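Analysis of the macromolecular model
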Amino acid sequence: MRFLAFLIGILVPLQIFAQNDPAEKEDPDQWKLSSNTNLTANQNSYSESWMGGEQSNFSWTIQLNLSAGKQFTPVINNKNTLKLAFGQTQIGEQDSLGNWHWSQPQKSTDLIDFESVLTFTLKTVVDPFVAARLVSQFLDLRDPPNERYGNPLEITESFGVARKILEKEGRISWDARLGGAVRQFIDRDAWNLDAVPAKKETEVTNDGGVELVTELIANNKE
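Residues numbered from 1 in each chain as written. Predicted model: local features only at pLDDT ≥ 70, side-chain atom pairs only at ≥ 80, totals over all residues. Heavy atoms only, no water.

**Overview of the pairing of strand β11 (residues 199–218)**
Across 19 bridges, the pairing between strand β10 (residues 172–192) and β11 is antiparallel. The partner of Ile172 across the bridge, within β11, is Ala218. Counted along the chain from β10 to the antiparallel partner β11, the turn is 6 residues long. (Pairing = 2+ DSSP bridges. Helix = DSSP H or I, 4+ residues; strand = E, 2+ residues; numbered from the N terminus.)

**Side note on the packing of aromatic side chains**
Tallied over the full model, the rule gives 3 aromatic pairs. Ring centres 5.9 Å apart and planes at 45° place the aromatic pair Trp60 and Phe86 in the tilted group. Pair noted here: Trp60 is in strand β2 (residues 55–73) and Phe86 is in strand β3 (residues 76–94), with a separation of 26 residues, a long-range link. Centre to centre, the rings of Phe86 and Phe138 are 6.0 Å apart; their planes meet at 90°, and the pair counts as edge-to-face. Taken together, the positions of Phe86 in strand β3 and Phe138 in the loop between β6 (127–136) and β7 (139–140) put the pair 52 residues apart, joining distant regions of the chain. (Phe/Tyr/Trp six-rings, centres within 6.5 Å; stacked < 30°, edge-to-face > 60°.)

**Details of the pattern of salt bridges**
Under the counting rule described, the total for this entry stands at 11 salt bridges. Of the charged contacts in the structure, one is a salt bridge between Arg177 and Glu115, with a shortest N-O distance of 2.8 Å. Of the two residues, Arg177 sits in strand β10 while Glu115 sits in strand β5 (residues 106–120), which places them 62 residues apart along the sequence. Comparing Arg177 with Glu115 shows no difference in burial state: the two are buried. Residues Arg183 and Asp207 are paired through a salt bridge, measuring 2.7 Å at the closest nitrogen-oxygen approach. Of this pair, Arg183 sits in strand β10 while Asp207 sits in strand β11; the two residues are 24 residues apart in sequence, bridging distant segments of the chain. By relative accessible area, Arg183 is classed as partly exposed at 34%. Here the salt bridges share partners, and the residues they tie into one network are Asp140, Arg142 and Asp187. (Salt bridge = Lys/Arg side-chain N within 4 Å of Asp/Glu carboxyl O. Buried < 20%, exposed > 50% of the residue type's maximum accessible area, 1.4 Å probe, protein only.)

Right, dumping it as structure tokens:
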């Protein structure tokens, strides 16, 4: 519960900060900010008329999506997106003595996803781009006595060509990117089974390949 309060205390101010004032005239030299936050909670329970084996559950999830973009020059555009999500689930049940209790909260959703894309808007069929992306999670609970924050880390650098497939101002936007990518996976809590005795250490792996990213955003504005 303290972790939920901490997340709300961080995400709500970010949501307020990122809101655009629709009454203000858009300035092309300013950052274009957008945000979307939601908190969902669900509880399921069985009637007490059922006998034996009944279980209830309670779950909650908080999500935040932020984006900030700016056209720095006629040929240089930068867009940054941040996606955060965290959620937990608890199960309630009766024991053999008829006493009701709730289990410890178990993590059900956990995501930190930040991406920055620099596009060279040459107004041709496709535009060159370079991008960097970091994906992680708030809590690594694989080893409960040794909880890790922000682990593991997945870092991707990519480059290639981008194209805006469809755009209707304020209603729909559809972009696609295709190019090469290199990726680093960093685990600060990996077991080294070759060591005697076995121990945990930081493990880094690298790979590369082809990456295709497409993003579709639609609004119901009249």
